[in-house]
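A look at the structure
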Amino acid sequence: MSKTKEDGATRRDFLKLAGTAAPAAVAAASLSGQAEAAELPTDDTRIQDTAHTRAYFESTRF
């Protein structure tokens, strides 16, 4: 039995395209603009004392 080649894109062609298109999209996005630097916390503890963090520490019994 001989297999006939179907016209149009196959699954393998799609995976080839997806494998090359994703890194190209990331490269284009990174070259299109400059990223802003994240602000570092001003205090030495690097965690804010909020009701949310207190509730978390109480739930984990620290």
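Here, the structure is the one placed above.
Read on for a plain summary of the structure. (Residues numbered from 1 in each chain as written. Predicted model: local features only at pLDDT ≥ 70, side-chain atom pairs only at ≥ 80, totals over all residues. Heavy atoms only, no water.)

1. A few points about the overall build of the chain
In terms of regular secondary structure, the chain is built from two helices and zero strands. For the chain, the proportion of its 62 residues judged to be buried stands at 2%. Surface accessibility of the chain: about 6,700 Å² in total, with carbon and sulfur atoms responsible for 57%. (Helix = DSSP H or I, 4+ residues; strand = E, 2+ residues; numbered from the N terminus. Buried < 20%, exposed > 50% of the residue type's maximum accessible area, 1.4 Å probe, protein only. Areas by Shrake-Rupley, 256 points an atom, 1.4 Å probe, with all protein chains shown as cover.)

2. A short note on the side chain of Thr53
Positionally, Thr53 belongs in helix 2 (residues 51-60). According to the relative accessible area criterion, Thr53 is buried, its value standing at 16%. In this structure the side chain of Thr53 is engaged in a polar contact, spanning 2.9 Å, whose partner is the backbone oxygen of Thr50. Beyond its immediate chain neighbours, meaning those up to four positions away, Thr53 contacts Ile47 and Gln48. (Polar contact = N/O pair within 3.5 Å; in protein donor to acceptor, adjacent residues only side chain to side chain. Contact = heavy atoms within 4.5 Å.)

3. As for the packing of aromatic side chains
On inspection of all chains with the given rule, the structure shows one aromatic pair. When the centroid spacing of 5.7 Å and the interplanar angle of 55° are considered together, the rings of Tyr56 and Phe57 count as tilted. According to the relative accessible area criterion, Phe57 is partly exposed, its value standing at 35%. (Phe/Tyr/Trp six-rings, centres within 6.5 Å; stacked < 30°, edge-to-face > 60°.)

4. Focus on the environment of Thr20
Tracing the chain through its elements places Thr20 in helix 1 (residues 11-32). Among the polar contacts listed, one links the side chain of Thr20 to the backbone oxygen of Lys16, at a separation of 3.3 Å.

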